Amino acid sequence: MSINVRCAGRFITLTKQIGSGGEGDVYQHPTEPAQVIKLFKESNRRVKAEKVAAMLQLVGEQNTGFATFPLSLVMNDAAMVVGYAMPKVMQSEPINDLLSNQMRKKTFPDSDYRFLVRVALNTARAVATIHKFGCVIGDINSSGIFVSQSGLVTLIDADSFQFSHGGRVFPC
């Protein structure tokens, strides 16, 4: 199945779904390998569209590598916002892979105690950076944290963060 949308002023066709969650489906961006597209489920499109548009204004050009903040809105043929483009988390694994010795040895073979401490510090830095943007992470869990082989941390599901913008609160 293919889906035609407009992203950053260009028409693209989404064909490769790479994930799915409670709020929408994620597709590989067909022309930007370092980006993915999240399409909202129809039931929450209007509310999510307003929230993501406000988040784009809040974060703007200050976008950080600590989180997959929106990069641009995605619209359908009727010019309705149906999702957004965001950075693709590349060369990283879920933090869950660090929780057991067996998975850690398989996924992060060079990890040691110092690596675990570095990941913990980078997770704290990521959360602190998100808070500096005025966002609250209301649903923090291990499935939303990804770790690179060097210990860098990226938080996903930025569109679920709570924040205030323009006198309005956008809840988790």
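Below is a short write-up of the structure. (Residues numbered from 1 in each chain as written. Predicted model: local features only at pLDDT ≥ 70, side-chain atom pairs only at ≥ 80, totals over all residues. Heavy atoms only, no water.)

Let's shift gears to the overall build of the protein. Within the protein one finds three helices and 12 strands. A compact globule built from 172 residues should have a C-alpha radius of gyration of about 16 Å, and the protein, at 17 Å, falls within 12% of that. Buried residues in the protein amount to 41% of all 172 residues. Of the contacts formed within the protein by residues at least 6 apart in sequence, a portion of 54% connects residues at least 24 apart. Carbon and sulfur atoms provide 54% of the accessible area of the protein, an area that totals close to 9500 Å². If the 18 positive side-chain charges of the protein are averaged to one point and the 14 negative ones to another, these points end up 3 Å apart. (Helix = DSSP H or I, 4+ residues; strand = E, 2+ residues; numbered from the N terminus. Rg over C-alpha atoms; globule rule 2.2 N^0.38 Å. Buried < 20%, exposed > 50% of the residue type's maximum accessible area, 1.4 Å probe, protein only. Contact = heavy atoms within 4.5 Å. Areas by Shrake-Rupley, 256 points an atom, 1.4 Å probe, with all protein chains shown as cover. Lys, Arg positive; Asp, Glu negative; His and termini not counted. Charge placed at Lys NZ, Arg CZ, Asp CG, Glu CD.)

A separate point is unusual backbone geometry. The phi dihedral of Ala-79 falls on the positive side, at around 65°, and the residue is not glycine. Look at Ala-79 and you get partly exposed, because its relative accessible area is 47%. Phi is positive for Asp-157, which is not a glycine, with a value near 65°. Turning to its location among the elements, Asp-157 is positioned in the loop between strand E10 (153-155) and strand E11 (163-165). What makes Asp-157 partly exposed here is its relative accessible area of 38%.

Counting 25 residues, the largest nonpolar core has Phe-69, Ile-130, Cys-135, Val-147, Leu-155 and Phe-161 as the members making the most contacts within it. By residue number, the principal contributor to this core is helix H3 (residues 113-132), which donates five residues. Counting 10 residues, the second-largest nonpolar core is a separate cluster that includes Ile-12, Leu-39, Val-82 and Ala-85. (Core = buried A, V, L, I, M, F, W, Y, C linked by side-chain atoms within 4.5 Å.)

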